[in-house]
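# Coordinates in review
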Amino acid sequence: GAGVSQSPSNKVTEKGKDVELRCDPISGHTALYWYRQSLGQGLEFLIYFQGNSAPDKSGLPSDRFSAERTGGSVSTLTIQRTQQEDSAVYLCASSLRGLARSYEQYFGPGTRLTVT
Amino acid sequence: RKEVEQDPGPFNVPEGATVAFNCTYSNSASQSFFWYRQDCRKEPKLLMSVYSSGNEDGRFTAQLNRASQYISLLIRDSKLSDSATYLCGAMTTDSWGKLQFGAGTQVVVTP
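Residues numbered from 1 in each chain as written. Chains lettered and ligands numbered in written order. Predicted model: local features only at pLDDT ≥ 70, side-chain atom pairs only at ≥ 80, totals over all residues. Heavy atoms only, no water.

### Here we look at the overall build of chain B
- In terms of helices and strands, chain B carries zero helices and 11 strands.
- Taken from the N to the C terminus, the helices and strands of chain B come in the order β-β-β-β-β-β-β-β-β-β-β.
- The globule rule puts the C-alpha radius of gyration for 111 residues at 13 Å, and the 13 Å found for chain B is close to it.
- Taking the principal axes of the C-alpha coordinates as reference, chain B spans close to 45 × 30 × 20 Å. (Helix = DSSP H or I, 4+ residues; strand = E, 2+ residues; numbered from the N terminus. Rg over C-alpha atoms; globule rule 2.2 N^0.38 Å.)

### Structural notes on the nonpolar core
- Membership of the largest hydrophobic core comes to 23 residues, with the highest contact counts inside it found for F21, F33, W35, L47, I71, L73 and Y86 of chain B.
- Of all elements in the fold, only β3 (19–25), β4 (30–38), β5 (45–50), β7 (60–65), β8 (70–75), β9 (84–92) and β11 (105–110) of chain B reach the threshold of two or more residues within this core.
- Contact partners of L73 of chain B, with chain neighbours within four places excluded, come to V19, A20, F21, W35, L47, T61, A62 and Y86 of chain B.
- One finds L21, I47, L77 and Y90 of chain A within the second-largest nonpolar core, a separate group that totals 20 residues. (Core = buried A, V, L, I, M, F, W, Y, C linked by side-chain atoms within 4.5 Å. Buried < 20%, exposed > 50% of the residue type's maximum accessible area, 1.4 Å probe, protein only. Contact = heavy atoms within 4.5 Å.)

### Notes on the interface of chain B and chain A
- Facing the 20 residues of chain B at the interface are 22 residues of chain A.
- The junction of chain B with chain A conceals about 1700 Å² of combined surface from both sides, 56% of it contributed by carbon and sulfur atoms.
- Linking chain B with chain A are one salt bridge, by the criterion used here.
- With a shortest N-O distance of 3.9 Å, K98 of chain B and D56 of chain A are connected by a salt bridge.
- It is β4 of chain B that contributes the most residues to the side of chain B that touches chain A, three residues altogether.
- Of the residues in the side of chain B that touches chain A, the class split is 11 nonpolar, five polar and four charged. (Buried area = accessible area lost by both parts, 1.4 Å probe. Salt bridge = Lys/Arg side-chain N within 4 Å of Asp/Glu carboxyl O. Nonpolar A, V, L, I, M, F, W, Y, C, P; charged D, E, K, R; others polar.)

### Quick notes on the environment of G54 of chain B
- Topologically, G54 of chain B is positioned in strand β6 (residues 54–57).
- With sequence-adjacent residues up to four places away left out, G54 of chain B is seen in contact with A62, Q63 and L64 of chain B.

### So, the state of the cysteines
Residues and elements named next belong to chain A.
- With the rule as written, the count across this model stands at two disulfides over all chains.
- The disulfide partner of C23 is C92, and the S-S distance across this bridge is 1.8 Å. For the disulfide bridge between C23 and C92, the dihedral angle about the S-S bond is near -65°, and by the sign convention the bridge is left-handed. Of the two residues, C23 is situated in strand β3 (residues 19–24) and C92 in strand β8 (residues 88–95); the sequence distance between them amounts to 69 residues. (Disulfide = S-S within 2.5 Å.)

### Some remarks on the sheet that holds β6 of chain B
Residue and element names in this part refer to chain B.
- Across the sheet, five strands lie side by side as β1-β3-β8-β7-β6; this open sheet has antiparallel pairing. Each edge of the open sheet is held by one strand with a lone partner, namely β1 (4–6) and β6. Each strand axis lies, on average, 15° off the axis of its neighbour in the sheet, ignoring direction.
- Taken together, the three bridges between β1 and β3 define a ladder with antiparallel strand orientation. Bridge pairing links V4 to Y25 in β3. (Pairing = 2+ DSSP bridges. Axes fitted to C-alpha atoms, helices over the stretch in contact; angles between N-to-C directions.)

### Quick look at the packing of aromatic side chains
All names here are of chain A.
- One pass over the structure, following the stated rule, counts 13 aromatic pairs over all chains.
- Judged by centre distance (4.9 Å) and plane angle (5°), the rings of Y33 and Y48 are stacked. You can see Y33 sitting in strand β4 (residues 31–37) and its partner Y48 sitting in strand β5 (residues 43–50), a full 15 residues away along the chain. Each member of the pair Y33 and Y48 is classed as buried.
- Ring centres of Y35 and F45 lie 6.0 Å apart, and the angle between their planes is 75°; on these two criteria the pair is classed as edge-to-face. In this pair, Y35 sits in strand β4 while F45 sits in strand β5, placing the two residues 10 residues apart along the sequence. (Phe/Tyr/Trp six-rings, centres within 6.5 Å; stacked < 30°, edge-to-face > 60°.)

Next up, the structure:
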């Protein structure tokens, strides 16, 4: 079946502009996660949605970052007033909660954000 | 100190040899562990989940040592296609779903 999809695959923006990154999780997966990965670094957790529960926003690096998930499916990560240090690959993952082995996260191809 | 740490490598391995590397974690509440492989400029792909003492899938074996707080990944009969960065992720009982990742271990399998 279809995996996690993300759009756009690449985004170049000028410093100070706002950007929106989109994630479509695997159909039926109730949990959705956003991470970012800077060059040569591991994955940094940003935010986690599980069903109708309040999201875990503990990883968001500043109040310029926000995310929403509509209808329990598609999610949008918004970065306002982008800075050069926001340049990274933003990865979305989803998992199927509630069943055995349900914490396994499957990643989308990522959005490569470059802030000039 | 990071919650999850990995030797960045690279581990240079002759084709057909065995390679093993560790991932250490500092949070004793870490309960479940995941190994991912990541190819250059690609997304991480799930390799193996570890919910108890270990797991084995073909040439890949993961072993968890809770007393020393590390998990290892062993690759037997290495193939050229095993060249990648291997990421370790740990999940704690107080934050189910949220993975803390190490920075990854690079493995290079040479002919």
